[in-house]
Structures are given as structure tokens and as C-alpha cells.
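# Chain and residue survey
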Amino acid sequence: MSQPRNPIIVALDVPHLESALALVQQLAPVAGAFKVGKELFVATGPDIVRRIRDTGASVFLDLKFHDIPNTVAKAVEAAVRLDVQMLTVHTSGGLAMMQAAQRSAEETSLRTGKTQPLVLGVTVLTSFNTNDLAEVGVPHDVGNQVERLASLAAKAGLGGLVCSPLEIARLRQFLPQHVQLVTPGIRPADSRADDQKRTLTPREAMAAGASWLVIGRPICAAPDPRAAAEAILATL
Ligand code: C5P
């Protein structure tokens, strides 16, 4: 997937098909893509992806696959057949798993004629700190572990990474230029932080080197979601 004109990915963090589709109808003209995560996907099944694709909008399927390489390859194949444009895997699944995911994206796309999705690696979840890492046997601080996993993702040939806005500048220093960075934790200057602790504004994140901005509540919980998205776009 090439660099988008509109970098806003709207996170559809809602539990029902109807509420998700209502947001898609309203926001499709001002969004670059829609993120479907575990809650919505488990509640509605693959139908939600088909219904969003029917509107012509792009889908980011954020299910964070982490399993043996063969199983992840098959899950990626199913996602390509569903015609998603971006999907996530855990980089801690290892080099072979990421390579299998990337190969499956390429081969299934060739076989089916569907777009080849951007396979994104998730490094250390932002809910983890250095103590949490130590508890699961990783004796590094979060920053070092993020860099190690990001390098491994690049070595596996993944097209992008999900990262916190405050990691963008550092990752840009050593990752190949073509690696796309997808960044949640985005808050417009005038909006509430909610439970996000380390945020940048949309403009700051783009200036730091983000390729895509994942934005949920500042758009979806606004009184007028379409106006909120347009206001954010106008700042970029
Ligand atoms: O509402 P808000 O803009 O905070 O939503 C951000 C979206 O990005 C949510 O879907 C959230 O799960 C996701 N996300 C995040 N932080 C991460 C990874 C994903 O906020 N580190």
C-alpha cells in the first residue's frame, strides 16, 4: 500500500455492526481507512470487513496475530481473501513467523488478484513497562526491546510497524525509509487525553515521521465526528 493522501485511520472501537457502519457512512469521505479491532471483529465476524469494503473504504484489520508460522500464514491468507489493506502481527512471534506472514500476504495477493495488504508489526504493547518485560523473562528496557523487535520486523521484510508517537523519531533513525509507521496515541491540541498518557498532536506526529495516524475517541466520540475529522485534516 503506497503512502496515503489521507493518513487518518479511524479506530472503530464500537461493539455493534450498526454503530460501526453508521460511523463508516459518515466518515468515509474524510478517512484514509477504518481500523477493525478484536472487540468489533469478535462481535460481528468477517461481515464487518465486507460491509466496510462494500462502501469502497480501506480496512485495517488489527487482530495482532501471534502463533506458529503456518497458522499465522493461514490467518493472513484469510485476511487477504477478505480484502483488507493493512493487518497486524506481533513481532515477538519471531522472525520465521513474520516472514511467513509477509510471504503469505504476497503469495495470496498474487493468487487471488486482491491488493497485497501492508503487514504491520506490533512491538512492545504500551501497557508494558520494563518491570512487566522482566516478569515475562525479557531483561531489557522497553526502548531497547522496541528497537530490537523493530529491527527484526524490518529484517523479516514487513512493510510497517505500529508504534507510539514518542517512538517515531528514534525508529526513523535506523529503519529503512520505506517502512511505514502507524501511530495511535494521537490527540488534537484541544482534545482530552482520555487514558492515553504519551500523546502527540496529528501535525507533530506527521512531522516526526508517522505515515498513518490511528484516531478513535477524538473523532468517534465527538458531537459531530465528520466535523472533528475535517478539523484534524485541516491541521495536517
Ligand atoms: O480513542 P483513541 O484515539 O485513544 O484510540 C486509539 C486506538 O489505537 C484504539 O483502538 C487503541 O486500542 C489503539 N492503540 C492504542 N495504543 C497502542 C496500540 C493501539 O491506543 N499502543
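Located above this text is the structure these notes cover.
Computed from a predicted structure; not experimentally measured. Numbering of residues starts from 1 in every chain and runs along the sequence as written. Note on the predicted model: pLDDT of at least 70 is required for a residue's local features to be given, and 80 or more for side-chain atom pairs to be given and counted; whole-chain, interface and lining totals, by contrast, use all residues. The side-chain numbers reported here are obtained from all heavy atoms of the structure, hydrogens and water having been left aside.

## Observations concerning the pattern of salt bridges
Pairing is possible between side chains of opposite charge, provided their charged atoms come close. In plain terms, the rule: Here a salt bridge means any side-chain nitrogen of Lys or Arg lying within 4 Å of a carboxyl oxygen belonging to Asp or Glu. Only DSSP runs of H or I with at least four residues qualify as helices, and only runs of E with at least two residues qualify as strands; both kinds are numbered from the N terminus onward. Here the term buried applies to any residue with accessible area under 20% of the maximum for its type, exposed to any over 50%, and partly exposed to those in between, with areas from a 1.4 Å probe on protein chains only.
Under the criterion given, the structure shown has 11 salt bridges. A salt bridge links E230 to R226, with the nearest nitrogen and oxygen atoms 3.1 Å apart. Placement of both E230 and R226 in helix α11 (residues 225–235) is noted, with a separation of 4 residues, approximately one turn of the helix. Taking relative accessible area as the criterion, R226 reaches 31% and is therefore assigned partly exposed.

## Notes on the site of the ligand
Here is the rule: We call a residue near a molecule or strand whenever a single non-hydrogen atom of that residue lies within 4 Å of it. For the purposes of these results, a polar contact is taken to be a pair of N or O atoms within 3.5 Å, where, inside protein, one atom must be able to donate a hydrogen and its partner to accept one; residues adjacent in sequence count only when each atom of the pair is a side-chain atom. Note on areas: Shrake-Rupley, 1.4 Å probe, and residue coverage restricted to the protein chains presented here. We call Asp, Glu, Lys and Arg charged. Ala, Val, Leu, Ile, Met, Phe, Trp, Tyr, Cys and Pro are nonpolar, and the rest, Gly among them, are polar.
Taken together, A11, D13, K35, T126, P184, R187, Q196, V214, I215, G216, R217 and P218 make up the full set of residues near the ligand. Contact distances for the ligand include 2.7 Å between an oxygen atom and a side-chain N or O atom of R187. Relative to its unbound accessible area of 460 Å², the ligand is 79% covered by the protein chains. Going through the elements one at a time, β8 (212–215) and α10 (217–220) are the ones with two or more residues in the shell around the ligand. In terms of residue class, the shell around the ligand is built from 5 nonpolar, 3 polar and 4 charged.

## Structural notes on the sheet that holds strand β2 (residues 33–36)
For the record, the criterion: Two strands form a pair only when DSSP identifies at least two bridges running between them. The axes used here are C-alpha line fits, helices contributing only the stretch in contact, and every angle between their N-to-C directions lies in the interval 0 to 180 degrees.
Pairing is parallel in the closed barrel, where 8 strands are placed in the order β1-β2-β3-β4-β5-β6-β7-β8. Each strand of the sheet is rotated relative to its neighbour by a mean of 25°, with strand direction disregarded. Both β2 and strand β3 (residues 59–65) contribute to a ladder of 3 bridges, which runs parallel. Paired with F34 across the bridge in β3 is V59.

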